[in-house]
2 protein chains.
Amino acid sequence: EATAEVIDGKKIAQDVRREIAQEVLKMKETVGKVPGLAVVLVGNRTDSATYVRSKKKACEEVGIASFGVTLPEDASEQEVLDAVSKFNDDPSVHGILVQLPLPKHMSEEKVVGAISVEKDVDGFHPLNVGRLALQGRTPLFVSCTPKGCIELLLRSGVEIAGKHAVVIGRSNVVGMPAAILLQGHNATVTTVHSRTPNPAEVTRSADIVIAAVGVAQLVRGDWIKPGAVVIDVGINSVDDPSAKKGYRLVGDVCYAEVAKVASKITPVPGGVGPMTIAMLLQNTLESAKRTFDL
Amino acid sequence: EATAEVIDGKKIAQDVRREIAQEVLKMKETVGKVPGLAVVLVGNRTDSATYVRSKKKACEEVGIASFGVTLPEDASEQEVLDAVSKFNDDPSVHGILVQLPLPKHMSEEKVVGAISVEKDVDGFHPLNVGRLALQGRTPLFVSCTPKGCIELLLRSGVEIAGKHAVVIGRSNVVGMPAAILLQGHNATVTTVHSRTPNPAEVTRSADIVIAAVGVAQLVRGDWIKPGAVVIDVGINSVDDPSAKKGYRLVGDVCYAEVAKVASKITPVPGGVGPMTIAMLLQNTLESAKRTFDL
Ligand SMILES: NC(=O)C1=CN([C@@H]2O[C@H](COP(=O)(O)OP(=O)(O)OC[C@H]3O[C@@H](n4cnc5c(N)ncnc54)[C@H](OP(=O)(O)O)[C@@H]3O)[C@@H](O)[C@H]2O)C=CC1
Ligand SMILES: NC(=O)C1=CN([C@@H]2O[C@H](COP(=O)(O)OP(=O)(O)OC[C@H]3O[C@@H](n4cnc5c(N)ncnc54)[C@H](OP(=O)(O)O)[C@@H]3O)[C@@H](O)[C@H]2O)C=CC1
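A. Main features of the packing of helix H1 (residues 9-31) of chain B against helix H10 (residues 272-291) of chain B. All names here are of chain B. At a minimum axis distance of 9 Å, the contact between H1 and H10 shows a crossing angle of 20°. The angle between H1 and H10 falls in the class roughly parallel. Every pair of crossing elements has a handedness; the one defined by H1 and H10 is left-handed. Of the residues in H10, those in contact with Gly9, Lys10, Ile12, Ala13, Val16, Arg17, Ile20, Glu23, Val24 and Met27 of H1 are Pro274, Met275, Ala278, Met279, Leu281, Gln282, Leu285, Ala288 and Lys289.

B. Molecular detail of the interface of chain B and chain A. Taken together, the contact between chain B and chain A spans 32 residues of the former and 32 residues of the latter. Our count for the chain B to chain A interface comes out at 2 salt bridges. A salt bridge links arginine 137 of chain B to glutamate 109 of chain A; its shortest N-O distance comes to 3.4 Å. Counting across the chain B and chain A interface gives 17 residue pairs in polar contact (both at pLDDT 80 or more). Of all the secondary structure elements, the ones that give two or more residues to the side of chain B that touches chain A are helix H5 (126-133), helix H7 (175-184) and strand S6 (188-192) of chain B. Looking at which element gives the most residues to the side of chain B that touches chain A, the answer is H5 of chain B, with 6 residues. For the side of chain B that touches chain A, a count of residues per class yields 12 nonpolar, 15 polar and 5 charged. In terms of strand pairing, strand S6 (residues 188-192) of chain A meets S6 of chain B through 3 bridges, oriented antiparallel. Paired with threonine 191 of chain A across the two strands is valine 189 of chain B, which belongs to S6 of chain B.

C. Inspection of the sheet that holds strand S7 (residues 208-211) of chain B at higher detail. Pairing is mixed across the open sheet formed by 12 strands, whose spatial order is S1(A)-S11(A)-S8(A)-S7(A)-S5(A)-S6(A)-S6(B)-S5(B)-S7(B)-S8(B)-S11(B)-S1(B). Looking at which strands have only one partner, the edges of the open sheet turn out to be strand S1 (5-6) of chain A together with strand S1 (5-6) of chain B. With 5 bridges joining them, strand S5 (residues 164-168) of chain B and S6 of chain B adopt parallel strand pairing. Bridging from a neighbouring strand, alanine 165 of chain B pairs with valine 189 of chain B of S6 of chain B. Relative to the sheet, helix H7 (residues 175-184) of chain A contacts strand S5 (164-168), S6 and strand S7 (208-211) of chain A together with S6 of chain B, its axis offset from that of S5 of chain A by approximately 170°. The sheet contacts of H7 of chain B involve S6 of chain A together with S5, S6 and S7 of chain B, and relative to S5 of chain B the element is tilted by about 170°.

D. Geometry of a negative patch on the surface. On the surface, Glu73, Asp74, Glu79 and Asp82 of chain A cluster together to form a negatively charged patch. Mapping aspartate 82 of chain A onto the fold places it in helix H3 (residues 77-89).

E. How the structure looks around the layout of surface pockets. Residue and element names in this part refer to chain B. Volume-wise, the second largest pocket comes out at about 1,500 Å³. Lining the second largest pocket are 40 residues, with Tyr51, Thr145, Ile235, Gly273 and Thr276 positioned closest to its centre. Counting only elements with at least two residues in the lining of the second largest pocket, the list comes to helix H2 (46-62), strand S4 (95-98), helix H6 (144-155), strand S9 (236-239), strand S10 (247-250) and H10. Grouping the constituent residues of the lining of the second largest pocket by class yields 21 nonpolar, 14 polar and 5 charged.

F. Layout of the sheet that holds strand S2 (residues 36-42) of chain B. Residue and element names in this part refer to chain B. Pairing is parallel in the open sheet, where 3 strands are placed in the order S3-S2-S4. Strands at the two margins of the open sheet, each flanked by one partner only, are strand S3 (65-71) and S4. Across the sheet, the mean angle from the axis of one strand to that of its neighbour is 15°, orientation sign disregarded. Relative to S3, S2 is paired through 7 bridges, and the arrangement is parallel. Note on S3: the bridge partner recorded for valine 40 is valine 69. H2 contacts S2, S3 and S4 of the sheet and is inclined by roughly 170° relative to S2.

G. Inspection of unusual backbone geometry at higher detail. Residues and elements named next belong to chain A. That bond from leucine 100 to proline 101 is cis: its omega, -5°, falls within 30 degrees of zero. Relative to the elements of secondary structure, proline 101 occurs in the loop between strand S4 (95-98) and helix H4 (108-113). Of note in the backbone geometry, glutamine 217 takes a positive phi value of approximately 55° without being a glycine. Among the structural elements, glutamine 217 can be located in the loop between S7 and strand S8 (229-232).

H. Main features of the packing of H6 of chain B against H7 of chain B. Residue and element names in this part refer to chain B. In the contact formed by H6 and H7, the axes pass within 8 Å of each other and the chain directions differ by 40°. When the axis of H6 is compared with that of H7, the two are oblique. You can see that H6 and H7 cross each other, and the crossing is right-handed. Packed against H6, whose contacting residues are Pro146, Lys147, Ile150 and Leu153, the element H7 presents Pro177, Ala178, Leu181 and Leu182 at the interface. Residue composition of the contact of H6 with H7, grouped by class: 7 nonpolar, no polar and 1 charged.

I. Fine view of the site of ligand 2. Residue and element names in this part refer to chain B. With respect to spatial proximity, 21 residues lie near ligand 2, and among them Arg170, Ser171, Ser194, Ile235 and Thr276 are the closest. At 2.5 Å from an oxygen atom of ligand 2 is found a side-chain nitrogen or oxygen belonging to serine 194. Top element by residues in the shell around ligand 2 is H10. It accounts for 3 residues.

J. Geometry of the domain arrangement of chain A. Here chain A is partitioned into domain 1 (31-121) and domain 2 (143-272). Taking the mean C-alpha position of each, domain 1 of chain A and domain 2 of chain A sit 29 Å from one another.

K. Structural view of the state of the cysteines. Applying the stated rule across the entire model yields 0 disulfides over all chains. Sulfur of cysteine 144 of chain A: no disulfide; nearest cysteine sulfur belongs to cysteine 59 of chain A and is 11 Å away. Look at cysteine 144 of chain A and you get buried, because its relative accessible area is 4%. Between cysteine 254 of chain B, a free cysteine, and cysteine 149 of chain B, which holds the nearest cysteine sulfur, the sulfur-to-sulfur gap is 19 Å. Given the relative accessible area of 11%, cysteine 254 of chain B is considered buried.

L. Examining the site of ligand 1 more closely. Residues and elements named next belong to chain A. Surveying the vicinity of ligand 1 reveals 21 residues, the closest of which are Arg170, Ser171, Ser194, Ile235 and Thr276. Separating an oxygen atom of ligand 1 from a side-chain N or O atom of arginine 170 is a distance of 2.8 Å. The separation between an oxygen atom of ligand 1 and a polar side-chain atom of serine 194 is 2.5 Å. Here ligand 1 loses 69% of its free accessible area of 930 Å² to cover by the protein chains. No other element matches helix H10 (residues 272-291), which puts 3 residues into the shell around ligand 1. Across the shell around ligand 1, the residue classes break down as 9 nonpolar, 10 polar and 2 charged.

Criteria and cut-off values
Residues numbered from 1 in each chain as written. Chains lettered and ligands numbered in written order. Predicted model: local features only at pLDDT ≥ 70, side-chain atom pairs only at ≥ 80, totals over all residues. Heavy atoms only, no water. Axes fitted to C-alpha atoms, helices over the stretch in contact; angles between N-to-C directions. Helix = DSSP H or I, 4+ residues; strand = E, 2+ residues; numbered from the N terminus. Parallel < 35°, antiparallel > 145°, perpendicular 65-115°, else oblique. Left-handed = near helix turned anticlockwise from the far one by under 90°. Contact = heavy atoms within 4.5 Å. Salt bridge = Lys/Arg side-chain N within 4 Å of Asp/Glu carboxyl O. Polar contact = N/O pair within 3.5 Å; in protein donor to acceptor, adjacent residues only side chain to side chain. Nonpolar A, V, L, I, M, F, W, Y, C, P; charged D, E, K, R; others polar. Pairing = 2+ DSSP bridges. Patch = residues over 30% accessible without salt bridge, like charges linked within 9 Å, V, L, I, M, F, W, Y side chains within 5 Å. Areas by Shrake-Rupley, 256 points an atom, 1.4 Å probe, with all protein chains shown as cover. Lys, Arg positive; Asp, Glu negative; His and termini not counted. Charge placed at Lys NZ, Arg CZ, Asp CG, Glu CD. 1 Å grid on protein atoms, 1.4 Å probe; cavity = no way out; pocket = protein on both sides within 12 Å on 5 of 7 lines; lining within 4 Å. Points joined across faces, edges and corners; volume = space filled by probe spheres on them. Near = heavy atom within 4 Å. Domains from an automatic or database assignment. Disulfide = S-S within 2.5 Å. Buried < 20%, exposed > 50% of the residue type's maximum accessible area, 1.4 Å probe, protein only.

Here it is as C-alpha cells:
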C-alpha cells in the first residue's frame, strides 16, 4: 500500500564516500598528503565508543588519516583542553571532533569552543553558525546531520526553491541549521517546536518535512500533505520483545503511515544516519583542501 | 473605519529613552562615568549625515557621550580601519558604529568586521549572530531594528509564545534576526522572501506579521488575518505632488487597508524607526554596564 519512494541514505552515503575516496587519492598524488581527522573521547560510554569506532572505520575506508585520544571519565577539563589544543597545533589534523556528551564536571561550551574555527568539522562554533545565518558569508563548516539532510534532497532530485518546508525541532545541532540551509536554497521555511500549539496542521502545509524531534513516531500520516517529501532524522529505541536485543530503532516519523502519503521518505535506520558520517568525512576533506589550497 | 490600535513607536521609544537617561545618571553617580558611542562616517551622502546627526542628538539627550570621525569619500580602506581601531582601543567608547553604505572602493565586510565584538552595538558581527542563533548562548548585542520590533510587541502587551509569526524579508539586518528573536520568544516562525510563490497566503496564516521588504505598500488588507498584529519596518519614499518635498514616506504595509483588519499596527513614520535609535542607545548602555560590571 505504501507509495512513497524510499530515499536510500545508505546508498547515497556510499556514493558520497566513493567520491571522497577519489579526491583523497588525488590529493595524495598531487600534494603527497591526506586529510586527517582527530577524535577526542572522554569516559567510557559504550554508545560513544561505538560512534567513535565507526567514524575511525569510515575514515580508513576513504583514506583519511584518523587520530584519536581517549581520556578517562575523571580527566580534568584542562586535560581535555590540552588534548584539543595539541590537535589544533598539529598540521596533519584538518578536523577535530569532541565526542559528546562530555562528563558532567566539564563545560561542553568551553571544550567545543576550544576547537580552532579552521578545524571545527562539526560546524558548532558560533562563528561558523553566524556565517551560516548571514547572507553573503560562507561558514567554513556546516553541521553534518543537517548538511546530510540537504544532500539527500539534492541527490534525490527534490526541488527546494519555492517550496514550503517545515522543520520540526530547533536544536543547535539539527533543526536550526537545517532551517537555515533550506532557506538558503530558497524554500519558505517554518520551524515547529515544542511550543507550537498545532504541529500537525502546520506540518500539513509543507512540501518538504524534516523531522528532528527525538520523539518516536510523532509524525503521523495525517500530518503529511499527499506527495510531500519527508526526511526523518530521529533515532529512537523502542521496546520490542520480538527483536534480538529487545528493542528496535525507529524515527520521529511513523513510517508505516507516512509512507502511504508522502512521495519520498527516508527510512530509519539507513536514511539520515549514514549521511551524517559521510558529511563528516566531506568536511574533513574540504578542510584539507583549504589547507593545501586545492 | 479603521479598527486597529496604533502602536505608537514614538511614544514607546521616548519611554525607553527616559529609562536609559535614568540609568546613565545612576552610572554617573556610582562609577563617575557615562557610556560612549563612536560613529564613523565616510563620504558626504546627505542621508548618512542626517542619520549620524540624529544619532548624536539622541545620545546627548540621554547623557551618552558621542564621539565621531568623518572621513572624506576618497579615504583609503586603511584609514577607515585605523579610525575603527582607535575607537576599539579607547576605554571611553563602549559602542562603535560605521554608518553604511561605505564608498564602493572599500570592503564593508572588512571594515564592519574590524569593530571589536565587545563594541559591536549594531550586532552585525558573525560571532554575535551565531550566538543569537544558538540556544544557550547569548549575543553581546542584537541588531537594533529587529530588537526594536520585539520591544514594540512586548511593550504593547502582545503575547508572542505559541503564536504563528510571519517575517516578510530575510535580510541580515532586519528579517533574519527578527525571525530568530521571535522564535526565541517561542513563536512558530515562517520567513517569506522574494522566492516565496504565495506570500499573501502564507502571511494570512500569521498572528504576528513583521514586514521588512523595502517594497512600498506590498502588504495589502487581504494578506492579513483579522485580528493579527502588524509591525511595519519599511521606509519607502513615494512621489507625492501634494507634499511639500514632492514625496512622502510609506511603509511596506498598505496602512489604510491593513488598519481595517489588524488588531494592532505600527505607523510609518513613527513606528519602528524611533525604536531603532532607542535600541542603539540601549545597546551602548548595556555595553558600558558590562564594562563597569554593573
Ligand atoms: N541521524 C543522525 O545522525 C542524528 C540523529 N539525531 C536524532 O534526531 C532527533 C533530534 O535530535 P536533536 O535535535 O539533537 O534533539 P533535541 O532534543 O536537542 O531537540 C529536539 C527538538 O524537538 C522539539 N520538540 C520536542 N518535542 C516536540 C514535540 N512534541 N513537538 C514538536 N517539537 C518538539 C524541541 O523543542 P524545544 O526547542 O521547544 O524544546 C527541540 O527543538 C533525535 O531522535 C536524535 O537521536 C540527532 C543527531 C544526529
Ligand atoms: N525602521 C528602520 O529603522 C529601518 C527600516 N528599514 C527598512 O526596512 C525595509 C527592509 O530593509 P532591509 O531588510 O534592509 O532590505 P533588504 O533589501 O536587505 O531585504 C529585503 C528583503 O525582502 C525580500 N523581498 C523583496 N521583495 C519581496 C517581495 N516582493 N515579496 C517578498 N519578499 C520580498 C527580499 O528577499 P530576497 O532575500 O529573496 O531577495 C529580502 O530578503 C526597507 O524599506 C528599509 O528602508 C531597514 C532598516 C532599518
